[in-house]
Amino acid sequence: MLAEQQEIAQIICAHGATISTTRATLQRAPRSLLTTSPDSTSDSDDKIVRILVEALRRQDMSIIVSESFDQWARLAAEAKRLGLISFVEAACPSTISISCHAALSTGRINPEVTFRKVLRIVVSGKVIMCRAVFGDSLNECRDGGGTDFEMDRYTSRFFLKHSNLEKAFDQLASSGYRLIHSNTFAPSQMPKHASKDDSQFIHHSQFVFHRQPKLCPPTDTTTPPASS
């Protein structure tokens, strides 16, 4: 019985609201203030902290809220303050744009056959989210950084080390992003859309992807009683 009581952690929030969980749950984020500083939530909204604790309890540590939830900024700010960096990413709706110059070339033997050549895929969006999606595929050599806090910084100067649009789409889809807009147009310096030998159609394409946080139907959010 004593051992069980020692495994219970009580998180005290503003106005004396209490959230009961286990120390093992909090240890899933060993460097967060939830683990290292017991008084870190004394001024926090228990509804916001509860969402983060519930996420720690899940195997995939996903954030799930009701459809009516509209306090994403507060949730992200609290996760950031407590040192739950991965939750900051999950709590924020995110938009990433990719764009490229490409050429459609007709085949030399069969003019009805066309081939696409992508010159470079440029990535724009929040730095931390672009890194999470593209990982080692991301080339950051053109990005000069900035004075903004890295987690909050945006850039339009990343590009991919590969030139395969379908691979980029797969990487975005596997991270929960969905295409919401796309457009294609000819570069302004080429109003005729063609190169000098008229065998290539030169165009610029942009694809905008968006990811919403994971939602679920409303559930009972009353504080569970501590084990006795």
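By convention here, each chain's residues receive numbers from 1 onward along its written sequence. Local features in this predicted model are restricted to residues of pLDDT 70 or higher, and side-chain atom pairs are both shown and tallied only at a pLDDT of 80 or more, whereas totals for entire chains, interfaces and linings draw on every residue. Calculated side-chain values reflect all of the structure's heavy atoms, with hydrogen atoms and water omitted.

A. Expanded view of the overall build of the protein chain. Strands are runs of DSSP state E lasting at least 2 residues, helices are runs of H or I lasting at least 4, and numbering of each runs from the N terminus. Per the secondary structure count, the protein chain includes eight helices and eight strands. Buried residues are those whose accessible area, probed at 1.4 Å on protein chains only, stays under 20% of the maximum for their type, while exposed residues exceed 50% and partly exposed ones sit between those limits. Looking at the protein chain as a whole, 40% of its 228 residues are labelled buried. Should any heavy atoms of two residues lie within 4.5 Å, those residues are counted as being in contact. Taking the intrachain contacts of the protein chain between residues at least 6 apart in sequence as the baseline, contacts between residues at least 24 apart amount to 64%. All accessibility values rest on the Shrake-Rupley procedure with a 1.4 Å probe; residue burial counts only the protein chains present in the view. When the accessible surface of the protein chain is totalled, it reaches about 13,700 Å², and 52% of it is carbon and sulfur.

B. Focus on the packing of helix H4 (residues 46–57) against helix H5 (residues 72–82). One way to put it is that H4 packs onto H5 with a least axis distance of 10 Å and a crossing angle of 65°. When the axis of H4 is compared with that of H5, the two are roughly perpendicular. Relative to H5, the crossing made by H4 is right-handed. Counting all contacts with H4, which are made through Ile48, Val49, Ile51 and Leu52, the residues of H5 involved are Arg74, Leu75, Glu78, Ala79 and Leu82. Class assignment for the residues of the contact of H4 with H5 results in seven nonpolar, no polar and two charged. For every element, the axis is a line fit to its C-alpha atoms; helices are fit only across the contacting stretch, and the angle between N-to-C directions ranges from 0 to 180 degrees. For this classification, under 35 degrees means roughly parallel, over 145 means roughly antiparallel, 65 to 115 means roughly perpendicular, and everything else is oblique. Two helices crossing with the near one rotated counterclockwise from the far one by less than a right angle form a left-handed crossing, whereas a clockwise rotation gives a right-handed crossing. Under the scheme applied, nonpolar residues are Ala, Val, Leu, Ile, Met, Phe, Trp, Tyr, Cys and Pro; charged residues are Asp, Glu, Lys and Arg; polar residues are all the others, including Gly.

C. Structural detail: helix H8 (residues 165–174). Within H8 the residues assigned to the buried category are Leu165, Ala168, Gln171 and Leu172. One side of H8 carries all its buried residues, which in axial view fall inside an arc of 120°. Exposed side of H8, more than 90 degrees from the buried face: Asp170 and Ser174 are the residues found there. Among the residues trailing H8, glycine 176 stands out with phi positive, at a value near 90°. Each C-beta atom gives one direction from the helix axis, and the arc is the one those directions make.

D. Geometry of the nonpolar core. Put simply, a nonpolar core is a bunch of buried Ala, Val, Leu, Ile, Met, Phe, Trp, Tyr and Cys residues held in one set by side-chain atoms that sit within 4.5 Å of each other. Ile11, Leu52, Ile63, Leu75, Leu84 and Phe87 are the most contacted members of the largest nonpolar core, which totals 27 residues. Secondary-structure elements contributing two or more residues to this core are strand E1 (8–12), H4, H5 and helix H6 (85–91). Here this core gets seven residues from one element, more than from any other, and that element is H4. Apart from the residues within four sequence positions on either side, phenylalanine 87 is in contact with Leu52, Ala55, Leu56, Met61, Ile63 and Ala79.

E. Representation of the environment of lysine 47 in the model. Among the secondary structure elements, lysine 47 is positioned in helix H4. Along the primary structure lysine 47 and leucine 75 are separated by 28 residues, whereas in three dimensions their C-alpha atoms are 9.5 Å apart.

F. Fine view of unusual backbone geometry. A positive phi angle, close to 60°, is found at histidine 15, a residue other than glycine. Topologically, histidine 15 is positioned in the loop between E1 and strand E2 (18–22). In this structure histidine 15 comes out as exposed when scored by relative accessible area, which is 88%. The backbone of methionine 61 sits at a positive phi, close to 50°, despite the residue not being glycine. Structurally, methionine 61 can be placed in the loop between H4 and H5.

G. Summary view of the pattern of salt bridges. Any Lys or Arg side-chain nitrogen located within 4 Å of an Asp or Glu carboxyl oxygen qualifies as a salt bridge. Going through the model one piece at a time under the given rule, you end up with five salt bridges. In this structure, arginine 74 engages aspartate 45 in a salt bridge whose closest nitrogen and oxygen atoms are separated by 3.2 Å. Of this pair, arginine 74 sits in helix H5 while aspartate 45 sits in the loop between helix H3 (33–36) and H4, placing them 29 residues apart in sequence. Given the relative accessible area of 24%, aspartate 45 is considered partly exposed. Residue glutamate 78 is joined to arginine 81 by a salt bridge in which the shortest nitrogen-to-oxygen separation is 2.9 Å. On the criterion of helical spacing, the pair formed by glutamate 78 and arginine 81 is a turn pair, its members being three residues apart in helix H5.

H. Highlighting the environment of glycine 83. Here glycine 83 lies in the loop between H5 and H6. By relative accessible area, which is 36% here, glycine 83 ends up partly exposed. When the C-alpha atoms of glycine 83 and serine 32 are compared, they prove to be 4.7 Å apart, with 51 residues separating the residues in sequence.

I. Seen up close, the side chain of serine 97. Its location among the elements puts serine 97 in strand E3 (residues 94–106). Assessed through its relative accessible area of 17%, serine 97 is described here as buried. If near-sequence neighbours (up to four positions away) are discounted, serine 97 is found in contact with Val122, Val123, Ser124, Phe207 and Val208.

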